[in-house]
Every structure is written in structure tokens, then in C-alpha cells.
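So the chains spell out like this:
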Amino acid sequence: MTNAATIVLADDDPVMRELAGAKLAEAGYAVVSAENGREALTLLKQRDIDLVVSDLDMPVMNGFELTSAIRSDPSISAIPVMVITASDQSDAVDRAFAAGATSFLAKPINWSLFNHAVKFVLRASEDRKALQAARDQAEAGARFKDSLMSVMSHELRTPLNAIIGFGQIIGEQFKQNNDPVHQEYSAYIIDSGKRLLSSVSDMLLASDARSGPITINEADVCLNALIDDAVAEMKNTLNLAGAALESRPADQDIEVTCDRTLVSRAIRKLIDNAVKFSSKNAKIFVGATLTRGGAVVIIVKDNGPGIEADKLAQVCAPFAQLDMSIRRSREGLGLGLPLVQAIAAAHQGSFRLDSKVGAGTKAIFSLPASRVRAIPTAASRNLSQGKVA
């Protein structure tokens, strides 16, 4: 803020207006005076004003009323207001701040510090305007990013689905013609298309999660079906990594209300993470159980290197891997675990990692008891006996 700032000085005492005006003019500020709050309010609507210095006790419209009027008018509400009050009126300061005052001065005024106080308030106001502008720019950028992600998702899905579909047709043709070489090429095309489509979907889902809870399409589904869906989709990944997967099915009578696509996707992300960050020929366990409170818990456990305790929070942050350099050895956007968290939150559930270096990692995805629609008789007996699988 330069010394060319324009200040409205509102006070019914002409001596006070003279003294304060002289001090402000001496510091290089442009000063316009008003005898009461109403005159000051008129000036604010007629001119570009940078600061209001107002006495609280004035006729016609006092400082409290002036401050409230400024804050209630969108065209001038951002103007800082410095109020002046008697030093023994501490409750007046509270009332002034409640009305929207920015700062205050106590009478008798310390004239040697008066201009410094004004300078401080003006600088703070300029900083606030800069922060507001930066926030507006960031929000506009976020809106643009979300819109771009939505358009990209729509525009990329159609050609990618065509690539995958025709790749599958060509692959079947090569299989019938007993042409394993070209059949393998077509498999690469299909796999690459699916991976790109998955990445696009992940980015769009992450964008949705950033702006609020993910919208879910609820339906009743068998818990085992969720796990089977996820495992079936991961067979190729497991085979390529030489990973052995052990699946412990839950009782088939357990049904939960959830978004089948999203929950299955979360389980796939956990399995993929276990494969990706484990050594070759890893052993992975996938299972589900009921807690004593009736909630459903889905567990994915691996025998990989594990994660240090101080890095558990880091790996759950968006776009985070323990190594996100261009030359990193493991592919991926770093969105897997954040998306699992977002999917759990959308279902009023929870997600956490338990890990110990050298002892592998256990991912625990839970759905609340309110989403369980059918509990089997055997499980009910176990619960009544305090047993959890």
C-alpha cells in the first residue's frame, strides 16, 4: 500500500479531525473528513476509499452503526475500519469487533504511533486482498481442472473402448487362425487400453473426491461376489507377477448395501498395491469377516517389505508413492490408496494400513454394520460367543 491511500476520517470533534487529519496528511495520505457515520457512509459510496478511521461515539450514526453498514454493503464491505474509543470502554471494543471492525485505537491517542497503526492496517488489508485474489485464482483453476477432467474422461472413454473392443475381436481371430505371435500383440493392445482407461477413470474419481463425497449407486450384493469380481479382474496382473493369491470367502449369506463397482474397484486397488510393492512370487491373502459390532471388514495382506511407520500417512496422500520420480521402478499415478479411502468414506466406512518393516502390509477396508443386510446363522453364533474369524 502506497502513501497515496485515501482515508475517511469520521469524528464529531473538530479538534480531533484537525489533529488526526494533519498527522495523516503529514504521512502522505489523502484525507476526507466526516462529522458523523452517515456522512462517512456517503463518502464511501462516492469515492474509492482505502481505510475508515472512525470514532465510536458520534451523533446521527455512530461508529458501531457505520461499521455494520459497511460490512452489510457488498460494494464496500472489504474496506478496513479502524475505530477510536475511550481507553476505559473495553466492552465497546468487543462490540466494535462484533460489528466488523478491523482494529482500534484508544483515547488519548499516542500520536507518535498513530501513523504506524494506520500503516499496519493498510498493509494487512493489501495482504488480505492479495490472498483473496490468489484464492480466487486457485478456485478458478480447480474448477477448470475438474471441467477438463470431465471432458477428457468423456472424450477418451469412447476411443479407448473401441480400441479395447476391436483388440479383443482381432485377438479372437488370431486365436482361431492359430497365430500366437499376433494374438500376443493384440493382448498388449488390449492391456494397454485397459490400463489407460483405468488411469483416466482414477483421475476423474480423484477429482470428484476432492470436491466432496463420491456419489454412489447403492445395491444389495453378496460380499463374496465383491471379492470374486476383484480377484477375477486381477488374474492377469497376478500371473505376470508370479504372485500367489489365497482367498478366504466369507459366509455366502452375507449381503451388504454398497456400490458394487466402486467397492470391487477398491479391493482391486489393494490387491494391485500388494503385488506392485512386493517382491516376485509374492503371497497375497484376501478375506472378509464380521466384527463384534457387526461391521464388514475386507482384508488384503501381503508378505512384502512393509512400510515404515512414519511413512504410512504419506503413502495414502494423493499422487504419492515413496518414489514418484520419472525413473521410479513402479508405475502408477499414486492414486490407489487415496481412492480406496474416498470409496470407504463415501460408504461411511473406514480404511487403514497396518504395516511393519520386513513383515508385510495389511490393508483393512471396512463397511459399517448399517450396510449389512443379511448375517448368516453361523456368524450370528460366533458373534454371540465373542468370536471373530
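Refer to the structure presented above.
Residues numbered from 1 in each chain as written. Predicted model: local features only at pLDDT ≥ 70, side-chain atom pairs only at ≥ 80, totals over all residues. Heavy atoms only, no water.

A.B. asks: Give me the overall build of the chain: which residues, what numbers.
C.D. replies: Scanning the chain from terminus to terminus reveals twelve helices and 13 strands. Per-residue burial over the chain gives 41% buried out of 389 residues. Within the chain, residue pairs in contact and separated by at least 24 positions form 69% of the contacts whose partners lie at least 6 positions apart. With the model as given, the accessible surface of the chain reaches about 21,200 Å², and the carbon-plus-sulfur share is 53%. (Helix = DSSP H or I, 4+ residues; strand = E, 2+ residues; numbered from the N terminus. Buried < 20%, exposed > 50% of the residue type's maximum accessible area, 1.4 Å probe, protein only. Contact = heavy atoms within 4.5 Å. Areas by Shrake-Rupley, 256 points an atom, 1.4 Å probe, with all protein chains shown as cover.)

A.B. asks: Break down a nonpolar patch on the surface for me, with residues and values.
C.D. replies: A surface patch of nonpolar side chains, about 330 Å² in accessible area, is lined by Phe-166, Ile-169 and Ile-170. Its location among the elements puts Phe-166 in helix α5 (residues 111–176). (Patch = residues over 30% accessible without salt bridge, like charges linked within 9 Å, V, L, I, M, F, W, Y side chains within 5 Å. Salt bridge = Lys/Arg side-chain N within 4 Å of Asp/Glu carboxyl O.)

A.B. asks: Describe the nonpolar core, listing the residues and the values that go with them.
C.D. replies: Inside soluble globular proteins, nonpolar side chains tend to come together where they are buried. Among the nonpolar cores identified, the biggest contains 51 residues, and Val-256, Ile-271, Val-296 and Phe-365 are the most heavily contacted of them. In terms of nonpolar packing, the next biggest core, distinct from the first, is built from 24 residues, Val-52, Ala-69, Ile-70 and Val-81 among them. (Core = buried A, V, L, I, M, F, W, Y, C linked by side-chain atoms within 4.5 Å.)

A.B. asks: Any chance you could break down the pattern of salt bridges for me, citing the residues and the numbers?
C.D. replies: Evaluated as defined, the whole model comprises eleven salt bridges. The partner of Asp-191 in a salt bridge is Arg-195, and the shortest N-O contact between them spans 3.9 Å. Here Asp-191 pairs with Arg-195, and both are found in helix α6 (residues 180–210), just four residues apart, close to one helical turn. Its relative accessible area of 42% is what places Arg-195 among the partly exposed residues. In this structure, the salt-bridge partner of Arg-371 is Glu-218, at a minimum N-O distance of 2.8 Å. In this pair, Arg-371 sits in the loop between β12 (361–367) and β13 (372–374) while Glu-218 sits in the loop between α6 and β6 (219–222), placing the two residues 153 residues apart along the sequence. Under the relative-accessibility criterion, Arg-371 is labelled buried at 6%. Residue classification places Glu-218 among the partly exposed positions, given a relative accessible area of 48%. Salt bridges sharing common partners tie together Asp-202, Arg-265 and Lys-269.

A.B. asks: I'd love a proper account of the sheet that holds strand β5 (residues 103–107), names of residues and values included.
C.D. replies: Across a sheet, paired strands are connected by hydrogen bonds in the backbone, their directions being either parallel or antiparallel. Taken in spatial order, the five strands line up as β2-β1-β3-β4-β5 in an open sheet, and their pairing is parallel. At either end of the open sheet lies a strand with only one pairing partner, and these are β2 (30–34) and β5. Sheet twist, expressed as the mean angle between neighbouring strand axes with direction ignored, is 20°. Sheet topology places strand β4 (residues 81–86) next to β5; five bridges connect them, and they run parallel. Counted as the bridge partner of Ala-86 is Lys-107 from β5. Against the sheet, helix α1 (residues 14–26) engages β1 (6–10), β2 and β4, with an angle of about 165° to β2. (Pairing = 2+ DSSP bridges. Axes fitted to C-alpha atoms, helices over the stretch in contact; angles between N-to-C directions.)

A.B. asks: Tell me about the side chain of Asp-202, residues and numbers included.
C.D. replies: Counting through the fold element by element, Asp-202 comes out in helix α6. At 2.3 Å, the side chain of Asp-202 forms a polar contact with the side chain of Lys-269. Those residues within four positions of Asp-202 in sequence are excluded, and the remaining contacts are Arg-265, Lys-269, Leu-335 and Leu-339. (Polar contact = N/O pair within 3.5 Å; in protein donor to acceptor, adjacent residues only side chain to side chain.)

A.B. asks: Could you give me a rundown of the packing of aromatic side chains, with the residues and numbers involved?
C.D. replies: In this structure the tally under the stated criterion is two aromatic pairs. Ring centres of Phe-97 and Phe-104 lie 6.1 Å apart, and the angle between their planes is 90°; this geometry places the pair in the edge-to-face category. With a centroid separation of 5.2 Å and an interplanar angle of 70°, the aromatic rings of Trp-111 and Phe-114 are classed as edge-to-face. On the criterion of helical spacing, the pair formed by Trp-111 and Phe-114 is a turn pair, its members being three residues apart in helix α5. Lying over the aromatic face of Phe-64, Arg-95 brings its terminal NZ or CZ to 3.9 Å of the ring centre. (Phe/Tyr/Trp six-rings, centres within 6.5 Å; stacked < 30°, edge-to-face > 60°. Lys NZ or Arg CZ within 6 Å of the ring centre and 35° of its normal.)

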